[in-house]
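Working through the structure, step by step
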There are 2 protein chains.
Amino acid sequence: MRYTELVTPVRTIMTPGPVEVDPRVLRAMSIPIIGQFDPAFTAIMDEVMSMLRAVFQSKNQWAYPVDGTSRSGNEAVLCSMIEQGDKVLIPIFGRFGHLLAEICRRHGAEVHTIECAWGEVFDPDEVIAAMKRISPKIVAIVHGETSTGCIQPLKEIGYACRAHDCLLIVDAVATIGGVDVRVDEWMIDALIGGTQKCLSVPSGLAPITYNDRIEAILQKRKKVEEGIETELDRANIRSGTVIGSNYFDLSMLQDYWSPRRLNHHTEATSMIYALREGLRLVLEEGLEERFNRHKWHEKALVAGIEAMGLSLFGRKEQKLATVTCVKIPPGVDGESVRSMMLKEFGVEIASSFGPLHGKIWRIGTMGYSCRKENILLVLAALEATLVWHGFAPNRGEALQAALNCYQENPMNEKSLL
Amino acid sequence: MRYTELVTPVRTIMTPGPVEVDPRVLRAMSIPIIGQFDPAFTAIMDEVMSMLRAVFQSKNQWAYPVDGTSRSGNEAVLCSMIEQGDKVLIPIFGRFGHLLAEICRRHGAEVHTIECAWGEVFDPDEVIAAMKRISPKIVAIVHGETSTGCIQPLKEIGYACRAHDCLLIVDAVATIGGVDVRVDEWMIDALIGGTQKCLSVPSGLAPITYNDRIEAILQKRKKVEEGIETELDRANIRSGTVIGSNYFDLSMLQDYWSPRRLNHHTEATSMIYALREGLRLVLEEGLEERFNRHKWHEKALVAGIEAMGLSLFGRKEQKLATVTCVKIPPGVDGESVRSMMLKEFGVEIASSFGPLHGKIWRIGTMGYSCRKENILLVLAALEATLVWHGFAPNRGEALQAALNCYQENPMNEKSLL
């Protein structure tokens, strides 16, 4: 059998990830690779660390990607911290809280969960009360839940965790690069970001950061890999247990990302090129400007959705700026609408999971996908598709509402996106 | 701080990986991405599976990449098979055998090893005798050891493992796409390949394949992820223990790569594009032709090395065609030579690990790096650098020997590489 060259359709991707990639990032991936210990490459690794610190708003020494998709970062951080029977508190407000619980259970933690309805977030005091009651080693929580479009305030939880000597580990996969995330100020001990959402880099790396409280635990569990350890390494006496994974052992990953450059995996060269370019574009735009851009396009999208006669799911004050959840009107087949939008307009929006499946659509406004022409196209496509499906929206209102929003936008002239 | 666009030096990469990437693969990575559940993308996933089967020379249903670097494939397969206390036999003949042992220990296996000197491989009978003595659930072994440049014959081991109902798991990271690997014929139950070596795709995915003996164990341990499981999934009664990792749980990965398309991670879109293009080029060249190309360039390289007056490390009949280990002559500082070759000629060769560190150089001839001009350049650069370091090679002989080799080469006219 002969295979042809790769041919792909052009899509407008308005899901909560993966989202469209800036052409400059795509071009960076086509740069020829160099060796993993080439000084020119290790210099790029150092630059990526320094750019990540800026995006994480942190002075942490450790800020580097795990070579896997976003959830690999969650698993790497959690399994490097959890020893058999450690108590972990996980406040769950959507699918990705369940994922954190699942990862912790698989790695032998005693998992305690508190749950609120999908579409709500926690009052920080609820989490703090549970933390005081359970006295866990770790509180692990999602920042932006893409499954429900809600954002969890973290600052008070961070302060309380620090005061009670509990580690706060945050899944910020959906927020980093799109919404304000302040690792140091909020006293987050470890945080995991994603590439394929607001950073607009393809999926395949999970940038993480952690502080010296986390590192102290890593040092207690440190083991250098068999086959490359020295006599000195072998003589190292551990007070903790060896981490249950080789691939996700952060004590080894940080040796590789440190001047020691101790060989572990072979770094994913082209993905590092992409991440570096993606981070460069974030810093060039400016964090504040980028967060504002996300808010502004969200505003135009929401104005359009509501003008059409559709309702948002969830409370506005808990809304994640980068994901807009729309209630599927009664009598409309949500999957048929999604599939027609993709087929006829080349526009992709998302469904949801678990209790929300079939009840809401999720529209992402993330990174490079978060552009005026995309907002206007998704509104036009959604309206026309709903009309086709027999639903009666307020015809022609959505685009006027969005255009009005953009008209008032002081960023309008300045921002390329 | 302002960061400039990414600027990288041009390198001739003659290490055992990562190696140079075909420009067509690099271009494929700059194709705009599409969503992970877009029918256009799931069709690409299916194509990749079918191409992998061809490269693995297997009819296995399951052939897909794990989203991580090569060792993530080893860990995924091993941790999906190992339950606490399971016996695993690992014949070690270099660094990557130690890695297999380390991974198995971290996942709770009772590890039994047999070792031979670095630079040797096992007589299959030794492995078979140990297997009969220990009666392990699994024999895990490396096919091509890049740390020593040796290749382990597998066929007899495969037959014996099958006859004794023992699983054979093979790390073929360094051989797949460069050297003959016959998964079905050799009765290999699971095999892990690498992208950044003979497939000449950047690091970041680990293509694996496994048969129904492996799948039967996965089915016993199967657990659908919390947050997306149905009532039916919850009612599933397991006869095995849940796999100790979410990210590496092959029972979930295969659900994602199957028509069920049950969401797990977000597939690394651009890396999948690269893998598809890399596999397409392998199949376009033809497996037999590709293996012959690797052998022919190895022959020219070895002729040049020996004509220069240098000696190979290891026995020729056990030599891995894609890695040539050269003894560092007495009195020569191996690292200084490597660094001068990189700095002055832009040519990268590798050192080795453990007992061989400082004793040998390793020159890779893999995939797209395995080209005539690269062979000639590495010989020229090595000779000139050795002269500069005061070693007296037979001046001018290496290139003549290699050119003679190419002159006799019947492939010379046909092969682009």
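Everything in this summary refers to the structure shown in the same document.

Cut-offs used in this document
- Residues numbered from 1 in each chain as written.
- Chains lettered and ligands numbered in written order.
- Predicted model: local features only at pLDDT ≥ 70, side-chain atom pairs only at ≥ 80, totals over all residues.
- Heavy atoms only, no water.
- Helix = DSSP H or I, 4+ residues; strand = E, 2+ residues; numbered from the N terminus.
- Buried < 20%, exposed > 50% of the residue type's maximum accessible area, 1.4 Å probe, protein only.
- Phe/Tyr/Trp six-rings, centres within 6.5 Å; stacked < 30°, edge-to-face > 60°.
- Lys NZ or Arg CZ within 6 Å of the ring centre and 35° of its normal.
- Contact = heavy atoms within 4.5 Å.
- Buried area = accessible area lost by both parts, 1.4 Å probe.
- Salt bridge = Lys/Arg side-chain N within 4 Å of Asp/Glu carboxyl O.
- Polar contact = N/O pair within 3.5 Å; in protein donor to acceptor, adjacent residues only side chain to side chain.
- Least-squares fit on C-alpha atoms with pLDDT ≥ 70 in both.
- Axes fitted to C-alpha atoms, helices over the stretch in contact; angles between N-to-C directions.
- Parallel < 35°, antiparallel > 145°, perpendicular 65-115°, else oblique.
- Left-handed = near helix turned anticlockwise from the far one by under 90°.
- Nonpolar A, V, L, I, M, F, W, Y, C, P; charged D, E, K, R; others polar.
- Pairing = 2+ DSSP bridges.

**As for unusual backbone geometry**
Backbone geometry follows two general trends: most residues other than glycine have a negative phi, and most peptide bonds adopt the trans configuration. Between A:G17 and A:P18 the backbone carries a cis peptide bond, its omega angle lying at 0°. Here A:P18 shows up in the loop between β1 (12-13) and α1 (23-29). Backbone geometry places B:S135, a non-glycine residue, at a positive phi of 50°. Within the element layout of this structure, B:S135 appears in the loop between α5 (124-134) and β5 (138-142). The exposed category is assigned to B:S135, whose relative accessible area is 51%. Backbone geometry places B:D165, a non-glycine residue, at a positive phi of 55°. Mapping B:D165 onto the fold places it in the loop between α6 (155-163) and β8 (167-171).

**Considering the packing of aromatic side chains**
On inspection of all chains with the given rule, the structure shows 19 aromatic pairs over all chains. Here the aromatic rings of B:F37 and B:Y256 are separated by 6.0 Å at their centres, their planes lie at 75°, and the arrangement is edge-to-face. Here B:F37, found in the loop between α1 (23-29) and α2 (39-56), pairs with B:Y256, found in helix α9 (residues 250-256); they are 219 residues apart in sequence, far enough to count as distant. The exposure class assigned to B:Y256 is buried, which follows from its relative accessible area of 0%. Grouped by ring-pair contacts, the aromatic residues A:W62, A:Y64, A:Y210 and A:W257 constitute a single cluster. Just above the ring of A:F353 sits the side chain of A:R95; from NZ or CZ to the centre is 4.4 Å. The aromatic ring of A:Y406 is capped on one face by A:K372, whose charged end is 5.6 Å from the ring centroid.

**Quick look at the environment of B:E373**
Residue and element names in this part refer to chain B. Its place among the elements puts E373 in helix α13 (residues 372-388). With a relative accessible area of 47%, E373 lands in the partly exposed category. Sequence separation between E373 and T12 is 361 residues, and the spatial gap between their C-alpha atoms is 9.6 Å.

**Quick word on the interface of chain B and chain A**
Each side of the interface is counted separately: chain B has 82 residues, and chain A has 83 residues. Here chain B meets chain A over a buried area of about 6,800 Å², counting both sides, of which 56% is carbon and sulfur. Where chain B meets chain A, there are 12 salt bridges. Across the pair A:E225 and B:R71 runs a salt bridge whose closest N-O atoms are separated by 2.6 Å. Linking chain B with chain A are 42 residue pairs in polar contact (both at pLDDT 80 or more). Elements that contribute at least two residues to the side of chain B that touches chain A include exactly α1, α2, α3 (70-81), α4 (95-106) and α10 (269-285) of chain B.

**Details of the relation of the copies chain B and chain A**
Mapping chain B onto chain A is achieved by rotating through 180° and translating by 0.0 Å along the same axis, at an RMSD of 0.0 Å. A rotation of that kind, with that shift, is consistent with a two-fold axis. Residue B:G68 of chain B places its C-alpha closer to the rotation axis than any other residue of that unit, at 2.3 Å. In this assembly, 100% of the residues forming the interface of chain B have copies in chain A that are likewise at the interface, indicating an isologous arrangement.

**Remarks on the packing of helix α5 (residues 124-134) of chain A against helix α6 (residues 155-163) of chain A**
Residue and element names in this part refer to chain A. Two elements in contact, α5 and α6, have axes separated by 9 Å at closest approach and are oriented at 20°. Here α5 is positioned roughly parallel relative to α6, judged by the angle of their axes. The way α5 lies across α6 gives a crossing that is right-handed. Taking contact as the criterion, the partners of P124, D125, V127, I128 and M131 in α5 are, on α6, E156, I157, A160 and C161. Grouping the amino acids of the contact of α5 with α6 by side-chain chemistry returns 7 nonpolar, no polar and 2 charged.

**Focus: the sheet that holds strand β3 (residues 87-92) of chain A**
Residue and element names in this part refer to chain A. Reading across the sheet, the 7 strands line up as β2-β10-β9-β8-β5-β3-β4 and stay open at both edges, with mixed pairing between neighbours. Unpaired on one side and paired on the other, β2 (62-66) and β4 (110-115) mark the two borders of the sheet. Neighbouring strand axes in the sheet, compared pairwise and without regard to direction, differ in orientation by 20° on average. Strand direction decides the pairing type here: strand β5 (residues 138-142) and strand β8 (residues 167-171), joined by 5 bridges, are parallel. Counterpart to I141 in the pairing with β8 is V170. The strands touched by α5 within the sheet are β3, β4 and β5, with β3 carrying the most contacts at an inclination of about 160°.

**A short note on the packing of helix α11 (residues 287-308) of chain B against α13(B)**
All names here are of chain B. With their axes 10 Å apart at the nearest point, α11 and α13 run at an angle of 15° to one another. Here α11 lies roughly parallel to α13, going by the angle between them. The two elements α11 and α13 cross, and the hand of that crossing is right-handed. Taking contact as the criterion, the partners of H297, A300, L301, G304, I305 and M308 in α11 are, on α13, K372, I375, V378, L379, L382, E383 and L386. Among the residues forming the contact of α11 with α13, the class breakdown is 9 nonpolar, 2 polar and 2 charged.

**A few points about the environment of A:H265**
Within the fold, A:H265 resides in the loop between α9 (250-256) and α10 (269-285). Looking at A:H265, the relative accessible area reads 3%, which means it is buried. Considered as a pair, A:H265 and A:L399 are 134 residues apart in the sequence and their alpha carbons are 49 Å apart. Once residues within four sequence positions are removed from consideration, A:H265 is found in contact with A:Q36, A:D67, A:Y247, A:L253, A:Y256, B:T69 and B:R71. A polar contact of 2.7 Å, which involves the side chain of A:H265, links it to the side chain of A:E267.

**Quick notes on the side chain of A:T148**
Residue and element names in this part refer to chain A. Among the structural elements, T148 can be located in the loop between β6 (144-145) and β7 (150-151). Of the residues examined, T148 reaches a relative accessible area of 1% and is grouped as buried. In terms of polar contacts, T148 uses its side chain to reach the backbone amide nitrogen of C150, at 3.4 Å. In contact with T148, other than residues within four places in its own chain, are F93, G94, W118, G119, F313, C325 and L356.

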